[in-house]
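Residues per chain are reported as follows:
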Amino acid sequence: MRRLSHTRQWVSVCCIDPERLDIFQTSNLHEEITEVRKKSWYILRVTGGFSLSLIFLLFLGNLQKNRWLDHKRALPKPILLHFPKATPLNELTKKLRRKRLIGSPGMFELWIKLTGQYSKFQAGNYRFEGSVSVRSLIRDFREGHVYHQPSLVLAVPEGATSSQIADKLGLVRSNLRKGFLRLRHDRVFLRALGVEGTSIEGFLYPATYRFYQKVPPVNVIIQGMVREFRKRLPQGYEQLAKKHGLNLGQAVTFASLIEKETGIDVERSMISEVIWKRLAKKMPLGIDASIIYGIKDYDGDIKTKHLRDITNPYNTRVHLGLPPTPICNPSTKSLNAVFTPSSHDIYYYVLIPNSGGRHHFSKTLAEHNKHVRKLVKSRINQKKDEG
């Protein structure tokens with residue numbers, strides 16, 4: 001009986017209730033799942049943080065790369081570079097560094113190797129001016145923007161006249177000068193260019209013109225200069241001129257007077273005001289540069305007879321209003337100044353002695369005459385010193 005009793009007791013101890021077993025197993029499972037979730041969340045946080053850091057670093061790297069590629073280097077003068085065929089990359093890199101077109105040869109060479117662009121570079125002569133960046137250099141080499149020596153370079157300064165331009169062309173070929181002087185008053189040619197009036201003067205924009213392959217005929221040269229004038233003409237200029245009672249030719253004539261009277265930017269609007277004021281009051285403009293333009297074979301000395309010459313249509317001391325045509329080829333600054341006059345109530349101006357071309361502007365004739373006397377006295381003293 002005891003043995004049986006012990007056996008039953010053992011069975012009762014070792015046999016666990018099935019319901020309690022389920023509870024025990026479920027509790028362990030929850031703990032394991034929770035642990036797995038914690039580990040998974042930790043892994044996600046770590047990998048997510050790493051990914052974000054990587055993306056951020058890539059972004060910064062790309063930003064830095066673009067800054068390097070687009071950084072502009074100012075060139076003090078045009079630079080010519082000869083790039084022969086079969087030049088090794090390291091040799092080209094050395095040349096670029098020697099010419100100060102790049103800052104870091106190692107970075108440049110590494111980038112070209114990484115992007116595999118060198119095989120697309122085109123050999124030839126290159127000319128760089130203004131400013132360059134690594135990106136613009138690569139683009140020029142890839143697209144083959146080779147430099148060709150121009151057959152004609154024509155530099156036209158601000159305020160140059162058509163006669164001066166003709167003389168420059170005559171230094172290249174005499175027939176260019178003759179053809180230019182003939183075409184500048186050819187009404188049929190002018191009309192074809194869209195120039196109303198009797199002269200090409202004023203419509204030849206002051207700039208440097210380069211012509212390649214061969215020296216072009218004179219009509220092509222003039223067409224290029226007039227095309228540049230149209231391109232540089234301020235937007236809506238003809239409509240603005242019309243609002244002020246002027247046609248395009250008259251507005252350009254006005255601008256040419258400003259151009260000849262001053263080379264100082266701050267004075268352009270003041271000269272404009274004086275001209276507008278005098279036109280409104282029907283006063284003679286009295287601009288000697290215009291008188292000189294109308295003197296044939298002017299020798300540099302304006303005389304009293306020139307100031308009184310009524311046969312000179314450009315004599316703005318005796319003829320009211322604007323001269324019949326422009327007297328030079330004005331810059332955009334002078335074209336803009338026509339319709340942006342100052343408002344100082346000034347009617348007169350005269351050179352200030354030894355001032356580098358500056359003028360004194362006056363409201364009254366008495367004040368003006370006082371400064372004229374100063375100028376005359378200064379010139380007399382200067383002649384005495386020279387004598």
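Residues numbered from 1 in each chain as written. Predicted model: local features only at pLDDT ≥ 70, side-chain atom pairs only at ≥ 80, totals over all residues. Heavy atoms only, no water.

**Q** Tell me about the overall build of the protein, and please be specific about residues and values.
**A** For the protein, the helix and strand inventory stands at 16 helices and eight strands. For the protein, the accessible area works out to roughly 24700 Å², and carbon and sulfur atoms hold 55% of it. (Helix = DSSP H or I, 4+ residues; strand = E, 2+ residues; numbered from the N terminus. Areas by Shrake-Rupley, 256 points an atom, 1.4 Å probe, with all protein chains shown as cover.)

**Q** Could you give an account of the pairing of strand β6 (residues 208–211), with specific residues and numbers?
**A** Along β6, the buried face is formed by Y209 and F211; none of T208 and R210, which line the opposite face, is buried. As judged from the four bridges shared by strand β5 (residues 152–155) and β6, these two strands associate in the antiparallel manner. Looking at the pairing, V153 lines up with R210 of β6. (Buried < 20%, exposed > 50% of the residue type's maximum accessible area, 1.4 Å probe, protein only. Pairing = 2+ DSSP bridges.)

**Q** Describe the pattern of salt bridges, listing the residues and the values that go with them.
**A** Applying the stated criterion across every chain, the model contains 15 salt bridges. With a shortest N-O distance of 2.5 Å, D70 and R135 are connected by a salt bridge. Of this pair, D70 sits in helix α2 (residues 18–70) while R135 sits in helix α5 (residues 134–143), and the two are 65 residues apart along the sequence. For the salt bridge of E109 with K113, the shortest nitrogen-to-oxygen distance reads 3.5 Å. Here E109 pairs with K113, and both are found in helix α4 (residues 105–115), just four residues apart, close to one helical turn. Each member of the salt-bridge network shares a partner with another, and the members are E158, E259, D265, R268 and K333. (Salt bridge = Lys/Arg side-chain N within 4 Å of Asp/Glu carboxyl O.)

**Q** An account of the environment of G202 is requested, with residue identities and associated values reported.
**A** The residue G202 is located in the loop between α8 (187–192) and β6 in this model. Given the relative accessible area of 1%, G202 is considered buried. In the structure, G202 is positioned 40 residues away from S162 in sequence and 8.3 Å away in space, judged by C-alpha atoms.

**Q** Any chance you could break down α4 for me, citing the residues and the numbers?
**A** All buried positions along α4 are accounted for by F108, E109 and I112. Buried residues of α4 fall within an arc of 95 degrees about the axis and therefore sit on the same side. Of the residues trailing α4, G116 is marked for its positive phi of about 60 degrees. (Arc of directions from axis to C-beta.)

**Q** Describe helix α6 (residues 162–172), naming the residues involved and giving the relevant values.
**A** Turning to α6, its buried residues are S162, I165, A166 and L169. Projection of α6 onto a plane perpendicular to its axis shows the buried side chains occupying an angular sector of 100 degrees, all on one side. Summarising the contacts, the buried residues of α6 are in contact with β5, α7 (174–183) and α9 (218–232). (Contact = heavy atoms within 4.5 Å.)

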